[in-house]
Amino acid sequence: MRAAVAVFAGVLAAGAAGAEEMVPFVIPMTPNEASLVALASAPIPPGGPRLESRDGHFMLRDRRVRIWGVNLCFAANFPARADAERVAARMAAGGVNSVRLHHMDTSSWPRGILDPKDPLKLHPEAVERLDYFIDQLARRGIWVNVNLHVGRAPSRALGLAQPNTKYDKIVGIFTPALVDAQKQYARDLLTHVNPYRKVRYADDPAVAFVEITNEDSLFMWSARTDLRDLPEFYAKILQGRYNAWLKGRYGSSERLRMAWSKDAEPLGANMLADAKFENVGAAGAAGPRWQLEQHAGNAAKVSRPADGTAGVRIEVAEADATDWHIQFKQSPLKVEGGRFYTVSFRARADQPRTLSYSVSQEQKPYGNLGLSASQKLTVKWQVFRSGFVAKAGDAGARLTFSVGGGKTAVELADVVFAPGGREGLMKDESVEAATVAVFAPGEVEARVLDRGRFLAEAEKAYFDDMYAFIKKDLGCKALVTGTIVFGPCGLYGQGGMDFIDSHAYWQHPRFPGRPWDPNNWTVEQAAMVERPAQATLPRLSAERMEGKPFTLSEYNHPAPLDCQAECVPMAAAWAAAQDWDGVWLFAYSHRGEVEVDAFKSYFDIDANPSKWGFIQAGAAVFRQGALPPHRRAFSLCIAAEEDPLGSLAALYLKHDRNMLAVVSDKMKTAWQDLLGARLEVALAGHSGVTDSGAFLEPQMAWAADEKGRGRFAALGPGAAVFVGRAGGDTGIKGFPIELARPDFAAVTMTALDGRTLAASAKILIAACGRCENTGMKFSPDRRTVGTAWGKGPVCIEPVEGRVTLPAGRWTCRVLRPDGTPGADVPLAAGAGGAAAVNLSPRYQTMWYLATPADRK
């Protein structure tokens with residue numbers, strides 16, 4: 001044992017100089033037929049069996065199927081014939097068995113499927129290319145997931161009022177003309193006969209999944225603001241439906257007034273000091289006072305409004321695109337947890353602009369205390385009012401107006417921050433006259449919960465109607481989902497679908513100025529493995545519904561994160577242990593161009609070896625079950641039996657979209673519990689813990705030490721996965737992967753033939769640190785490259801470490817980027833006398849293949 005340690009230490013010392021060098025690793029776009037790591041799936045014949053949802057999973061006849069997929073976007077959905085064949089073959093060789101056809105409908109041909117002459121129709125060449133591509137995918141055993149509504153906005157073509165949301169989101173759920181347009185698009189696409197397969201899309205087993213609308217909900221990220229600010233045309237439709245719902249629930253305004261009278265409270269005294277802004281920024285002033293806070297070189301000054309208003313004018317001299325870099329605030333203010341407060345003020349601006357305001361903690365962690373809102377200012381004075389329930393008590397709270405983000409001056413007056421101010425049915429509101437507003441200032445909780453009930457029922461009615469149209473009217477046999485889960489009320493809306501879906505990104509790019517500006521964006525250089533309490537994967541576990549297959553149809557840790565290699569191994573391992581049913585990485589490509597040797601965007605993985613280089617390993621871990629699911633499962637009913645929908649609305653009010661917070665609230669379950677158990681939530685029934693009795697289950701550990709250095713490890717019969725920092729203990733006894741250099745990397749060991757590691761004839765070791773293009777130019781803080789993505793060849797940071805193989809005699813060879821064998825790798829003595837592979841930068845690879853010495 002000492003000798004083995006000494007040998008390993010010597011290897012580390014010898015390779016230290018080269019450990020930080022980047023080496024080219026371009027995985028070719030045309031798969032090499034001689035590749036030793038290529039996978040394959042059986043073709044999907046037009047008349048063959050189709051995937052079904054049964055017993056909470058995807059089944060093909062009597063066989064469980066897990067989906068290991070990728071997304072395609074825009075022009076990448078419509079490759080030329082030769083490219084369609086190459087892309088399908090490459091995906092299949094990577095172990096991909098499904099493609100999500102995303103953003104087909106966002107653009108006109110040649111970037112999308114819509115006819116540029118009539119955006120309500122499909123372009124014939126786009127459809128022809130899609131037909132051939134689907135056939136090529138099916139021949140390679142790859143199912144397709146058709147997204148019906150992603151970026152199409154028929155409101156413009158129909159001559160309707162322009163909504164305040166992109167892609168007709170939110171309004172498309174309750175506006176009849178837009179729902180009809182969605183149905184017509186579904187009819188045109190799903191009833192089309194593919195001439196290469198001689199069946200309608202609706203009948204083709206290869207068209208296994210249909211998604212109604214992408215990331216679209218009355219409870220989505222911006223819904224509260226978007227619903228409040230609806231243009232009149234859409235606001236009237238929603239208000240009419242709301243009043244009809246209230247009339248059906250209560251029968252009369254008198255009964256409604258009684259129901260909403262509880263907890264009404266008059267407005268209390270203003271808690272703010274210096275209401276006339278006479279001592280702004282006064283040095284040495286005791287107690288609450290107005291202050292101007294400036295960050296990152298931003299600058300502003302305060303004065304009086306020119307029209308004589310007893311208010312304050314904030315003139316901005318220097319500003320970047322981040323509004324909170326200039327804050328006009330008052331603190332400290334004392335708030336009581338659970339108490340209702342009202343913030344009201346008058347405001348104007350020299351030019352139209354948005355003003356954000358909030359109530360939060362003055363000190364770390366600077367948490368929001370219940371109010372985060374924004375208003376659209378004009379040159380005229382307007383009155384604004386917001387109410388909120390304080391999430392927690394705090395003696396040092398702050399009221400903040402974020403006035404940066406541009407040089408437009410803002411003027412404020414009559415600012416009030418006071419307890420109380422809750423009202424039920426207003427004097428001028430009546431259900432008989434259909435004048436009850438969907439949103440009102442200072443609402444009592446009963447009114448807020450009724451709105452939540454109404455919106456949840458309206459959303460479910462939309463998805464159930466679309467589901468019935470697709471399944472019954474069109475006769476589509478595909479499995480249908482609605483959209484992703486947006487909190488407890490959003491989950492309720494998906495209850496009638498065939499499967500439940502979700503999306504997540506770790507450190508999604510941020511655009512402080514214009515959305516999706518390629519010159520102005522950042523990603524935070526933070527590894528998920530080192531922030532488990534904020535990680536995406538445990539949160540996703542809480543969105544799974546009992547008895548339904550669960551999928552993750554968009555996932556990525558975007559480039560150019562230094563830690564992006566953690567994405568595929570961690571997602572595959574977590575999904576396997578949680579017994580999910582599908583993962584689609586986002587995205588294979590957004591381009592029509594196929595032959596590339598470098599990545600040019602945050603998300604595309606086709607030319608990014610830190611993602612695509614782990615694609616076979618991910619297929620083995622998740623799709624083939626090299627890591628089995630946890631035996632134990634938590635099943636939690638989150639809805640109250642006496643008022644299910646009201647209780648879900650209350651949970652949404654308390655936790656917004658955070659389902660893990662809902663679960664933690666109801667069951668006192670933390671993310672650490674999910675390292676040894678699966679999680680499902682239910683909207684009816686009882687909670688409990690079950691044990692599958694399976695003989696094998698994975699070992700999983702995830703922790704960050706006192707210095708914040710994180711490590712994730714998972715070990716099962718057919719795979720080992722490591723992500724994180726070099727050195728230290730993984731927490732799993734006898735774990736076979738040891739990382740020496742670089743300081744951060746991802747390393748996997750997987751059996752590619754579906755067997756256990758001990759019985760496998762083909763073990764793939766994949767290892768990668770950073771991944772960058774040649775000549776990529778980072779900002780000093782490495783948070784952006786702007787448009788300087790560099791050029792090919794794409795390079796990886798090779799790994800130095802050791803992987804101990806199962807007992808027996810083994811041989812090992814380096815694999816080239818095309819999967820063909822390179823140099824032999826001498827094996828060392830590992831723990832217990834087992835053979836070990838010493839990974840080294842001198843091999844200039846991220847792939848090693850171990851095979852038994854006594855069999856082929």
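Structure's up top.
Residues numbered from 1 in each chain as written. Predicted model: local features only at pLDDT ≥ 70, side-chain atom pairs only at ≥ 80, totals over all residues. Heavy atoms only, no water.

Peer 1: Give a detailed account of the overall build of the protein chain, specifying residues and quantitative values.
Peer 2: Within the protein chain, the regular secondary structure consists of 17 helices and 43 strands. The C-alpha radius of gyration of the protein chain comes to 29 Å, within 12% of the 29 Å expected for a compact globule of 856 residues. Expressed as a percentage of its 856 residues, the buried residues of the protein chain come to 58%. Sequence separation of at least 24 residues holds for 75% of the intrachain contacts in the protein chain that already meet a minimum separation of 6. Within the structure as shown, the protein chain displays about 32800 Å² of accessible surface, and the carbon and sulfur contribution to it stands at 51%. For the protein chain, the distance from the average site of its 99 positive side-chain charges to the average site of its 94 negative ones is 2 Å. (Helix = DSSP H or I, 4+ residues; strand = E, 2+ residues; numbered from the N terminus. Rg over C-alpha atoms; globule rule 2.2 N^0.38 Å. Buried < 20%, exposed > 50% of the residue type's maximum accessible area, 1.4 Å probe, protein only. Contact = heavy atoms within 4.5 Å. Areas by Shrake-Rupley, 256 points an atom, 1.4 Å probe, with all protein chains shown as cover. Lys, Arg positive; Asp, Glu negative; His and termini not counted. Charge placed at Lys NZ, Arg CZ, Asp CG, Glu CD.)

Peer 1: Lay out the sheet that holds strand 37 (residues 791-796) with the relevant residues and their values.
Peer 2: Taken in spatial order, the three strands line up as 1-37-36 in an open sheet, and their pairing is antiparallel. Taken across any chain shown, the strands that pair with only one partner, and hence form the sheet edges, are strand 1 (23-24) and strand 36 (771-774). In this sheet, strand 37 lies alongside strand 36 in antiparallel orientation, the contact comprising four bridges. What sits directly across from Asn773, in strand 37, is Val794. (Pairing = 2+ DSSP bridges.)

Peer 1: Can you break down the nonpolar core residue by residue, with the values?
Peer 2: In terms of nonpolar packing, the biggest core is built from 191 residues, with Met91, Ile113, Leu189, Leu190, Leu227, Trp702 and Phe712 touching the most fellow members. Looking at which element gives the most residues to this core, the answer is helix 10 (residues 445-473), with eleven residues. Those residues in contact with Leu190, other than ones at most four positions away along the chain, are Leu148, Arg200, Tyr201, Ala202, Val210, Ile470, Leu474 and Cys476. (Core = buried A, V, L, I, M, F, W, Y, C linked by side-chain atoms within 4.5 Å.)

Peer 1: Describe in detail helix 6 (residues 176-190), supporting the description with residues and values.
Peer 2: Between its first and last C-alpha, helix 6 extends 21 Å over 15 residues, near the 21 Å set by a 1.5 Å rise per residue. All of the buried residues in helix 6 are Leu178, Val179, Ala181, Gln182, Lys183, Tyr185, Ala186, Leu189 and Leu190. (Expected span 1.5 Å × (residues − 1).)

Peer 1: Pulling in residues and values, what's your account of the pairing of strand 15 (residues 311-318)?
Peer 2: Within a regular strand, the side chains alternate between the two sheet faces. Relative to strand 15, strand 14 (residues 299-303) runs antiparallel, the two sharing five bridges. Note on strand 15: the bridge partner recorded for Lys301 is Glu315. Where strand 15 meets strand 22 (residues 410-419), four bridges bridge the pair, whose relative direction is antiparallel. Within the sheet, the bridge partner assigned to Ile314 lies in strand 22 and is Val410.

Peer 1: Break down the pairing of strand 19 (residues 368-377) for me, citing the residues and quoting the values.
Peer 2: Two strands pair when backbone bridges link them, and strand 18 (residues 353-361) and strand 19 are joined in this way by eight bridges, in the antiparallel orientation. Across the sheet, the residue bridging to Thr354 is Lys376, located in strand 19. What sits between strand 18 and strand 19 in their antiparallel hairpin is a turn of six residues, with Tyr366 showing a positive phi close to 60 degrees.

Peer 1: Lay out empty space enclosed by the protein in plain terms, naming residues and giving numbers.
Peer 2: Scanning the model with the defined rule gives two cavities of 30 Å³ or more in all. A volume near 100 Å³ is recorded for the largest cavity. What lines the largest cavity is a set of 13 residues, and nearest its centre among them are Val87, Ser589, Arg591, Glu593 and Val594. In terms of residue class, the lining of the largest cavity is built from eight nonpolar, two polar and three charged. If you trace the second largest cavity, you find it lined by Phe25, Val26, Ile27, Arg90, Asp606, Ala607, Asn608, Pro609 and Val794. Residue composition of the lining of the second largest cavity, by class: six nonpolar, one polar and two charged. (1 Å grid on protein atoms, 1.4 Å probe; cavity = no way out; pocket = protein on both sides within 12 Å on 5 of 7 lines; lining within 4 Å. Points joined across faces, edges and corners; volume = space filled by probe spheres on them. Nonpolar A, V, L, I, M, F, W, Y, C, P; charged D, E, K, R; others polar.)

Peer 1: Quick one: what's the story with the sheet that holds strand 3 (residues 57-60), residue by residue and with numbers?
Peer 2: Across the sheet, three strands lie side by side as 2-3-4; this open sheet has antiparallel pairing. Across the chains shown, the open sheet's two edge strands, defined by having one partner strand only, are strand 2 (52-54) and strand 4 (63-65). The sheet shows a mean angle of 55 degrees between the axes of neighbouring strands, direction not considered. (Axes fitted to C-alpha atoms, helices over the stretch in contact; angles between N-to-C directions.)

Peer 1: For the packing of helix 8 (residues 232-250) against helix 10, give the residues involved together with the corresponding values.
Peer 2: For the pair helix 8 and helix 10, interaxial distance at closest approach is 11 Å and the crossing angle is 110 degrees. Accordingly, the angle class assigned to the pair helix 8 and helix 10 is roughly perpendicular. Residues Leu238, Arg241, Tyr242, Trp245, Leu246, Arg249 and Tyr250 of helix 8 form the contact with helix 10, whose participating residues are Arg447, Asp450, Arg451, Arg453, Phe454, Glu457 and Ala458. For the contact of helix 8 with helix 10, the class distribution of residues is seven nonpolar, no polar and seven charged. (Parallel < 35°, antiparallel > 145°, perpendicular 65-115°, else oblique.)

Peer 1: Lay out unusual backbone geometry in plain terms, naming residues and giving numbers.
Peer 2: Residues apart from glycine generally show negative phi values, whereas peptide bonds are mostly found in trans. With an omega of 15 degrees, the peptide bond between Trp109 and Pro110 qualifies as cis. Here Pro110 lies in the loop between strand 6 (98-102) and strand 7 (114-115). The omega torsion across Ser331 and Pro332 is -5 degrees, close enough to zero to call that bond cis. One non-glycine residue, Gln507, lies in the positive phi region at around 60 degrees. On the secondary structure map, Gln507 appears in the loop between strand 24 (500-505) and helix 12 (536-541). When its relative accessible area of 16% is taken as the criterion, Gln507 is described as buried. The phi torsion at Asp656 lies on the positive side, around 60 degrees, for a residue other than glycine. Along the chain, the position of Asp656 falls in the loop between helix 16 (644-655) and helix 17 (659-667). A residue is classified by how much of its surface remains accessible, and Asp656, at 23% relative accessible area, is partly exposed.

Peer 1: Report on the side chain of Ser647, specifying residues and quantitative values.
Peer 2: Following the sequence through the fold, Ser647 ends up in helix 16. Excluding residues within four positions of it along the chain, Ser647 makes contact with Ile638, Ala639 and Ala640.

Peer 1: Outline the pattern of salt bridges, listing residues and values.
Peer 2: When their charged atoms lie close together, side chains carrying opposite charge are able to pair. Considering all chains together, one arrives at 61 salt bridges under this definition. Close ionic contact of Asp656 with Arg224 constitutes a salt bridge, the shortest N to O distance being 3.3 Å. Within this pair, whereas Asp656 is found in the loop between helix 16 and helix 17, its partner Arg224 is found in helix 7 (residues 223-228), the two being separated by 432 residues in sequence. On the basis of relative accessibility, which here comes to 38%, the residue Arg224 falls in the partly exposed class. We note a salt bridge from Arg539 to Glu543, for which the minimum N-O separation is 3.3 Å. (Salt bridge = Lys/Arg side-chain N within 4 Å of Asp/Glu carboxyl O.)

Peer 1: Tell me what's going on with the packing of helix 2 (residues 81-93) against helix 3 (residues 124-139), and back it up with residues and numbers.
Peer 2: Helix packing geometry: the angle between the two helix axes and the distance between the axes. Helix 3 packs onto helix 2 with a crossing angle of 30 degrees between their chain directions and a minimal axis gap of 9 Å. With respect to each other, helix 2 and helix 3 are oriented roughly parallel. Crossing of helix 2 against helix 3: the hand is right-handed. Contact with helix 2, carried on its side by Arg81, Ala84, Glu85, Val87, Ala88 and Met91, involves Glu128, Tyr132, Phe133, Gln136 and Leu137 of helix 3 and no other residues of that element. Of the residues that constitute the contact of helix 2 with helix 3, the class distribution is seven nonpolar, one polar and three charged. (Left-handed = near helix turned anticlockwise from the far one by under 90°.)

Peer 1: Please provide a residue-by-residue account of the packing of aromatic side chains, values included.
Peer 2: As enumerated under the stated definition, the model contains 43 aromatic pairs in all. Measuring from ring centre to ring centre gives 5.6 Å for Phe586 and Phe603, while their planes differ by 75 degrees; the resulting arrangement is edge-to-face. With a gap of 17 residues between them, Phe586 in strand 26 (residues 582-589) and Phe603 in the loop between strand 26 and helix 14 (609-612) connect regions that are remote in the sequence. One exposure class covers both Phe586 and Phe603, and it is buried. (Phe/Tyr/Trp six-rings, centres within 6.5 Å; stacked < 30°, edge-to-face > 60°.)

Peer 1: If you had to explain the state of the cysteines to someone new, which residues and values would you point to?
Peer 2: What the rule picks out here adds up to zero disulfides. Here Cys567 stays unpaired: no disulfide links it, and the sulfur of Cys563, its closest cysteine neighbor, is 9.6 Å away. Left unpaired, Cys768 is separated from the closest cysteine sulfur, that of Cys771, by 5.5 Å. (Disulfide = S-S within 2.5 Å.)

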